[in-house]
Amino acid sequence: MKPLNYNNAESNATASKLKPLNYDNSPCNPTSSNCVIWQGPDLDCIKLCKGDSISDVIANLATELCIVMDQLSITNYDLSCFDLVGCKPETFKELLQFLIDQICLLLGIPKTPESKKEDLLVDVAPCFVVGGITRMLLTDYVIAIGLRICNILDQISVINLTLSDHEIRITILEEALPPTFTIPPVASECILQMIPDQIGGVGSPALPIDQILNALINDNTYGYCALVDATGLPADLNSAVLTQCIANTDLQLSSTTGATYSASANWNSNWLTDSSAAASIRNIWVVLCDIYNYLNNSAGITITETECATNIADDADIYVYIDVSSGPYSGSEAPGMPAQVNKAVLVAAITQWRNNYVTNINPLFTGGLYVYQTSNEQYLSMPRRIKLGSNAGLGNFSWVNQGTGLIDPTAAPIGWGTAGWVPPTSLIFIAFVNESDTVYHASTSPPDLFAPPQPTNTWQTDWAAFDSDVTPSTGWWQTFNACVYAAYQPGISDCTNFLLQAYAAIKGIDIQLVGLQGAFGGNWSNTIWNPPLSPLVVGPGSNPYMVPDRTIGGARGWTTVLDKSVDSSTQLINFTAQEFTDDLNAQFFGNDSTCASVSLINSWDPLSQSLVLRQITSCCLDLSVTAEGCISIDCGTLTQTVVDAGTDITVVSNLIGNATTYTVSNTFPNIFFSAAKVPSSLTDTTPNLLTGRICDGQIQIFATTPDVTNNEFGPTDYNPSTGIFTIPADGVYTLSFYVNYSNGSGWNTGMWTAGIVSPTGCNVYCSNSYTPDGVIVPTAMINGSITRYMPISTPICLKVINLSGSNYTSIGSDRVTFSIQRIR
């Protein structure tokens, strides 16, 4: 092949593209295609590069053309799915037209010259969906496909160039020499063994870091593994920190101002979130220093003994009500007149009682004292009126001066009768009233609780209001104490009926003549009270205030003093200030103005921190702990046990003065008797008499044949050889003894003592003595008795002590007995 510019004047541009390699050069043939090179640009799609020979160019073009011709060959396409019998496409153009016709057929596009002029809508592949549009014009679709193909071809070109560049770089790296690296040395004097001949020793040279790292991890003493074994994992440390038992708000022991631990400058308040060992150790030091400062500076534990409270609140106000409708406080208040004198004595007695209470019983008492007088006799309504702060309906109501007993408006409590009234919540109320005729009782003679019937309608109304105020937890009064302090006027039926009404309503027990006699004291009159002269009902059902319950005593807080009277001739009250003090103390505090107490602290040494407490022991007393934390010592459980009574036992209570007694009757005797003669001398060995010298002049009496009248007490309960009786069961027993002995020449000196005691003499249950006092008495008798609770297996016996200085000479009438009777 000749070059295009061979012996031909072609343009310089054309000549520059095809130039024989041997142009003007031998020995190449000027017309050989191998000697003509391609001077055009690189054609990557047919793998043609600038500088290739024209032979290569034509070969590459021919190869690409063959590939295209092969791809366009109709035989390369499988049309069997169309089931064509004849008229199969013979050329690529026919094949393409056939496919277009099939598409039009599927899309329902008519094959008309007009439709061919219009572009068709076709479904596109997912990668061509834009904005949810799934169909495109065929022309646009083809253009988009073409553009996408060109873009792919451009990307392939870039990739090929990148691969070529990477190939060059890889070849350079493969042919390069490997680099060399030297491990740097590290000094480690402070983190491993401090031994010169080992890694990290003092003065040792720096070592490669791999040796240091191996030692830090695996060294059995200083390595990380050894450290983990000693300290645990971080989770273990965090768990240990979170076991801190002292919170930020806990108080420091050494602080005198109640400072919390979070107030300390060194305290880490974020220890819950900053759960590091360092934070925990810092808090531990704060607590340790606090404990040290507390123990180092403390003068010792402060010992405070509990103050046992009475049943009166420290802030209870005292209100005193004086009935001036009749009686000793009514009438002229001129100086020297009975009403003025009586009220002066009264307020003086009240003031003295309050002062004594603060001084001797409760120094913390701050309650006020207020005295008023009125002609209204409804004493039960007064606490509600005080709560309301109103004297409406109280008639000639006036406040009384506490010093003079005279009317004084300035003596009123602050706010009384106004909207700003703040009533007390704890009250001590004392009613000086001598009768309440027509409102609570009648003036019948002799007095009666049933004609007319009691409680009256007025009482029931006042009782309902008072009961709602005094009910625990829901009522108004937090503490309430009250006393009706009557001054009886002899011979006046109103006053006599009042004593009966107050006794029945406040005591809340069945009426017994002996009880009335004890409560009324000198106000008792047999001609009025003693049947058959009186229609008074006694015994069960005799108190109409009990069913239904309309009483005010006991838990409702009322007590009475009913033995005071007025002198008939002078009309002056017959009690003194001290007598009044004793009466109120007996009503409010149980017959005593002070509480006996003994400190439990025996000794306290602040230097050695040694506290010695006394023990409490008793063979017969009932020990308990009160709500204030005090130890209460009561004289056994006899009273409660007797009041509760039991099977086959009846109990009748009686008030004698300020003391309540009980008459107990039972249907089973359970009586044990023992009998023995008194020995004639300390060495008497008469048969059937066993004596022993217990101590100087003391003789224990033994019985050989007990008299058992009830099978509850059998021979096994009594030991004749020791004289000891053993209580067979828990219960309340009456223990009695009787000693009757004589001497022919009479007794005139010394003393004989007998009693029921424990075998060791530790507990003396009851005893009595006989002392002649120089009077010659031929026969001496000693007896004694006690009723008390006795626990099972308690041993008791009778002992007689002869301190007369003379031996006893027996006479046939002498007798020694002791009995045990179970009453519950």
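Right above here is the structure, for reference.
Treat the numbers as computed from the prediction; the structure is a model and nothing was measured. (Residues numbered from 1 in each chain as written. Predicted model: local features only at pLDDT ≥ 70, side-chain atom pairs only at ≥ 80, totals over all residues. Heavy atoms only, no water.)

## Thoughts on the overall build of the protein chain
Secondary structure assignment for the protein chain yields 17 helices and 29 strands. The buried share among the 824 residues of the protein chain stands at 36%. Within the protein chain, counting contacts between residues at least 6 apart in sequence, those at least 24 apart form 62% of the total. (Helix = DSSP H or I, 4+ residues; strand = E, 2+ residues; numbered from the N terminus. Buried < 20%, exposed > 50% of the residue type's maximum accessible area, 1.4 Å probe, protein only. Contact = heavy atoms within 4.5 Å.)

## Thoughts on the sheet that holds strand E12 (residues 558-561)
Here six strands make up an open sheet; going across it, the order is E9-E8-E7-E10-E11-E12 and the pairing mixed. Both outer strands of the open sheet, strand E9 (398-400) and E12, are each paired with one neighbouring strand and no more. The average angle at which neighbouring strand axes cross in this sheet is 25°, direction not considered. Here six bridges tie strand E10 (residues 426-432) to strand E11 (residues 479-485), and the two strands are oriented parallel to one another. Across the sheet, isoleucine 428 pairs through a bridge with asparagine 481, a residue of E11. Contacting E11 and E12, helix H13 (residues 493-507) runs over the sheet at an angle of about 145° to E12. (Pairing = 2+ DSSP bridges. Axes fitted to C-alpha atoms, helices over the stretch in contact; angles between N-to-C directions.)

## Here's the deal with the packing of aromatic side chains
Tallied over the entire structure, the rule returns 32 aromatic pairs. Their ring planes at 85° and their centres at 5.5 Å tell us that phenylalanine 128 and tyrosine 141 sit as a pair that is edge-to-face. One end of the pair, phenylalanine 128, is in the loop between strand E3 (121-123) and strand E4 (135-137); the other, tyrosine 141, is in helix H5 (residues 138-175), with 13 residues separating them in the sequence. Residue classification places phenylalanine 128 among the buried positions, given a relative accessible area of 12%. Across the ring face of phenylalanine 128, the terminal group of arginine 148 is positioned such that the distance to the ring centre comes to 4.4 Å. Above the plane of the ring of tryptophan 463 lies arginine 550, whose end atom (NZ or CZ) is 4.5 Å from the centre. (Phe/Tyr/Trp six-rings, centres within 6.5 Å; stacked < 30°, edge-to-face > 60°. Lys NZ or Arg CZ within 6 Å of the ring centre and 35° of its normal.)

## Thoughts on the pattern of salt bridges
Any two side chains of opposite charge can pair, on the condition that their charged atoms come close. Evaluated as defined, the whole model comprises 10 salt bridges. Here arginine 169 and aspartate 165 are joined by a salt bridge, their closest N and O atoms 2.8 Å apart. Here aspartate 165 and arginine 169 lie together in helix H5, a separation of four residues that amounts to about one turn. According to the relative accessible area criterion, aspartate 165 is partly exposed, its value standing at 34%. Between lysine 564 and glutamate 579 there is a salt bridge, and its shortest N-O distance comes to 3.5 Å. Taken as a pair, lysine 564 in the loop between E12 and helix H16 (577-589) and glutamate 579 in helix H16 lie far apart in primary sequence, 15 residues in all. Linked by salt bridges that have partners in common, Asp563, Lys564, Glu579 and Asp583 make up one network. (Salt bridge = Lys/Arg side-chain N within 4 Å of Asp/Glu carboxyl O.)

## Overview of the pairing of E11
Burial analysis of E11 places six of its seven residues in the buried class, the great majority of the element. One crossover worth recording links E10 to the parallel E11 by way of helix H12 (residues 457-470), and it is right-handed. The pairing of E11 with E12 spans four bridges and is parallel. Bridged to tyrosine 485 within E12 is valine 561. (Right-handed = clockwise from strand over helix to strand, strands pointing away.)

## What about helix H2 (residues 54-72)?
Given 3.6 residues per helical turn, the α-helix brings residues three or four places apart onto the same face. Here H2 contains 19 residues, and its C-alpha end-to-end distance of 26 Å stays within 8% of the 27 Å for a straight helix at 1.5 Å per residue. Of the positions making up H2, those classed as buried are Ile54, Ser55 and Val57. An end-on view of H2 places all buried positions within 155° of arc, on one side of the element. (Expected span 1.5 Å × (residues − 1). Arc of directions from axis to C-beta.)

## Concerning the pairing of strand E7 (residues 317-323)
Along E7, seven of the seven residues are buried, which leaves the element largely enclosed by surrounding structure. Taking every second residue as pointing to the same face, both faces of E7 are buried, with Asp317, Tyr319, Tyr321 and Asp323 on one and Ile318, Val320 and Ile322 on the other. Across six bridges, the pairing between E7 and E10 is parallel. Each bridged residue has a counterpart across the sheet, and for valine 320 the counterpart in E10 is isoleucine 430. Bridging between E7 and strand E8 (residues 369-374) involves six bridges; their strand directions are parallel. Residue pairing for E8: tyrosine 321 is matched across the bridge by tyrosine 372.

## A look at the nonpolar core
Among the nonpolar cores identified, the biggest contains 49 residues, and Tyr379, Leu380, Phe429, Trp459, Ile552 and Trp558 are the most heavily contacted of them. The set of elements that each furnish at least two residues to this core consists of E7, helix H11 (382-388), E10, H12, E11, H13 and helix H14 (513-520). In terms of residue count, H13 provides more of this core than any other element does, nine residues in total. Judged by nonpolar contacts, the second largest core, of 34 residues, contains Val324, Val347, Val371 and Phe580. (Core = buried A, V, L, I, M, F, W, Y, C linked by side-chain atoms within 4.5 Å.)

## So, a nonpolar patch on the surface
On the surface, a nonpolar cluster with roughly 460 Å² of combined accessible area is contributed by Val68, Leu72, Tyr77, Phe92, Leu96 and Ile100. Considering each element in turn, the nonpolar patch owes the most residues, three residues, to helix H3 (residues 92-107). Note on placement: leucine 72 falls in helix H2. (Patch = residues over 30% accessible without salt bridge, like charges linked within 9 Å, V, L, I, M, F, W, Y side chains within 5 Å. Areas by Shrake-Rupley, 256 points an atom, 1.4 Å probe, with all protein chains shown as cover.)

## Some thoughts on the packing of H13 against H14
Where H13 meets H14, the closest approach of the two axes is 11 Å, and the angle between their N-to-C directions is 110°. Relative to H14, the element H13 is oriented roughly perpendicular. Touching Leu499, Leu500 and Tyr503 of H13 are Gly515, Leu516, Ala519 and Phe520, all from H14. The residue makeup of the contact of H13 with H14, split by class, is six nonpolar, one polar and no charged. (Parallel < 35°, antiparallel > 145°, perpendicular 65-115°, else oblique. Nonpolar A, V, L, I, M, F, W, Y, C, P; charged D, E, K, R; others polar.)

## Looking at the environment of leucine 99
Turning to its location among the elements, leucine 99 is positioned in helix H3. Note on leucine 99: relative accessible area 35%, which makes it partly exposed. Taking the C-alpha atoms as reference points, leucine 99 and proline 89, separated by 10 residues in sequence, lie 10.0 Å from one another.

## As for the environment of tyrosine 503
Positionally, tyrosine 503 belongs in helix H13. Classification of tyrosine 503 as buried rests on a relative accessible area of 1%.

## Observations concerning unusual backbone geometry
A cis amide bond links serine 445 with the next residue in sequence, proline 446, at an omega value of 0°. Between alanine 451 and proline 452 the backbone carries a cis peptide bond, its omega angle lying at -10°. Along the chain, proline 452 falls in the loop between E10 and H12. Of note in the backbone geometry, glutamine 571 takes a positive phi value of approximately 60° without being a glycine. Secondary-structure assignment places glutamine 571 in the loop between E12 and H16. Look at serine 793: it is not a glycine, yet its phi comes out positive at around 75°. Structurally, serine 793 is set in the loop between strand E27 (777-790) and strand E28 (795-802).

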